[in-house]
Amino acid sequence: MSVEEQVKEIVAKIVHVDKNLMTRESTFKDMKADSLDMVQALVAVEDRFDIEIPDEEAQKFQNFGDFISYVESRIAEKEKA
Amino acid sequence: MSLKGKLALVTGSGRGIGRATALKLASQGADVIVNFFRRRDAAEQTAKDIEALGVKAEVIRANVGDPAKLNEMFDMISDHFGYLDILINNAASGVGRSVMDVDVKAWDWTMNINARAFLLCAQRAARLMGGRGGKIVGISSLGSSFVLPTYAVVGVSKAALEALTRYLAIELAHEGICVNSVAASAVETEALKFYIKQGMISDTRQATPAGRMVIPEDVAKVVAFLCSEEALMIRGQTIIVDGGTSIAPFVIPEGDQQ
């Protein structure tokens, strides 16, 4: 499963939405997610990929596309290291 | 008061009260394990500042609300050190909501981090203290006994922490482990800005009989005292550090007095 699919699956489970309705343009707001959902999603993604996503980076995400791109870049960095 | 040669774990010590406490214990000679969850940079800074005091610091990331992660942290401490002298249960989180808006998710998140983690950390810590005695201090807040705006679930979690403090104190007494807590009023930290509005912060400052708000170092000093042999006969208590706020609900700012 791609990183994108895995992130979507994690977020969908926390926010209780159908992951097929999520696109890279979707936002947490669209999903009616609150700040706790966001923290839980970040933590779950961090755990799944063994990466860290600082809160100040997470605050910059405009939509899931940004979130997924950031996760992909951290995974790439980790694999390089 | 010397803690030379002692090993302390301070949960949530990247920032705020945890950081001040970690530095206070380090200043008295303790080596400190700095636990953090969300801010690695802050935790590493705390560790650097601890090492500058001439003692050792280790940084361990763990969400104490997740038992698996909490256990991994203690497994690391157990493998690396094999003992522990002091546990400061400081890590806390919460959802600022009115009681009618608290849902299962907000309840579980807050209770797991603030209350359940204290139980699990104390259990693991007590085993590492086995035979050598130790000190356990929980960090509570006035919200355990008083009603603060949008603080319901955090207040309840802190009440649980204080009750647990009493049970732990008695059940671990025969192992030479002292357990107490410190409850602070609103302390000037980053977390405070998250919970309450700016106007309330200045109200709190005015309403504090001691004339200023409580700062993290005020709490850290009392925690350090509870970790000292001087406090040996204090067991299962929650010491309030609030500059007098809680016992003076009707204090009028000096300028307004008749």
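The text that follows walks through the structure, step by step, so that each part is easy to find. These numbers come from a predicted model, not from an experiment.

Once that is clear, we can look at the sheet that holds strand E5 (residues 134–141) of chain B. Residues and elements named next belong to chain B. Taken in spatial order, the seven strands line up as E3-E2-E1-E4-E5-E6-E7 in an open sheet, and their pairing is parallel. Two strands close off the open sheet at either side, each with one partner strand: strand E3 (57–61) and strand E7 (238–241). Neighbour to neighbour, the strand axes of the sheet diverge by 20° on average, direction disregarded. Pairing analysis gives three bridges linking strand E1 (residues 7–10) to strand E4 (residues 86–89), with the strands arranged parallel. Within E4, the position partnered with valine 10 by the bridge is isoleucine 88. Its contacts with the sheet put helix H8 (residues 216–226) on E4, E5, strand E6 (177–184) and E7, and the angle it makes with E6 is roughly 165°.

Residue and element names in this part refer to chain B. Per the stated rule, a full pass over the model turns up zero disulfides over all chains. No disulfide involves cysteine 121; its sulfur sits 15 Å from that of cysteine 227, the nearest cysteine. On the basis of relative accessible area, cysteine 121 is assigned to the buried category, the value being 0%. Just so you know, cysteine 178 is unpaired, no disulfide at all, and the nearest cysteine sulfur is the one on cysteine 227, 9.3 Å from it.

A few words now on the pattern of salt bridges. Side chains carrying opposite charge are able to pair once their charged atoms draw close together. Per the stated rule, a full pass over the model turns up 22 salt bridges over all chains. The partner of lysine 60 of chain A in a salt bridge is glutamate 57 of chain A, and the shortest N-O contact between them spans 3.4 Å. Its relative accessible area of 25% is what places glutamate 57 of chain A among the partly exposed residues. Taking the shortest distance from any N to any O, the salt bridge between arginine 19 of chain B and aspartate 49 of chain B comes out at 2.9 Å. You can see arginine 19 of chain B sitting in helix H1 (residues 16–27) and its partner aspartate 49 of chain B sitting in helix H2 (residues 40–51), a full 30 residues away along the chain. Where salt bridges share partners, they join Glu46, Glu52 and Asp55 of chain A together with Arg38, Arg40, Glu44 and Arg61 of chain B into one cluster.

The interface of chain A with chain B comprises 15 residues on the first partner and 15 residues on the second. Of the roughly 1,200 Å² buried where chain A meets chain B, counting both sides, 45% is carbon and sulfur surface. For the pair chain A and chain B, the interface holds eight salt bridges. Contributions of two or more residues to the side of chain A that touches chain B are made by helix H2 (35–49) and helix H3 (55–58) of chain A. Class assignment of the residues belonging to the side of chain A that touches chain B gives a composition of seven nonpolar, one polar and seven charged.

Rules and cut-offs
Residues numbered from 1 in each chain as written. Chains lettered and ligands numbered in written order. Predicted model: local features only at pLDDT ≥ 70, side-chain atom pairs only at ≥ 80, totals over all residues. Heavy atoms only, no water. Pairing = 2+ DSSP bridges. Helix = DSSP H or I, 4+ residues; strand = E, 2+ residues; numbered from the N terminus. Axes fitted to C-alpha atoms, helices over the stretch in contact; angles between N-to-C directions. Contact = heavy atoms within 4.5 Å. Disulfide = S-S within 2.5 Å. Buried < 20%, exposed > 50% of the residue type's maximum accessible area, 1.4 Å probe, protein only. Salt bridge = Lys/Arg side-chain N within 4 Å of Asp/Glu carboxyl O. Buried area = accessible area lost by both parts, 1.4 Å probe. Nonpolar A, V, L, I, M, F, W, Y, C, P; charged D, E, K, R; others polar.

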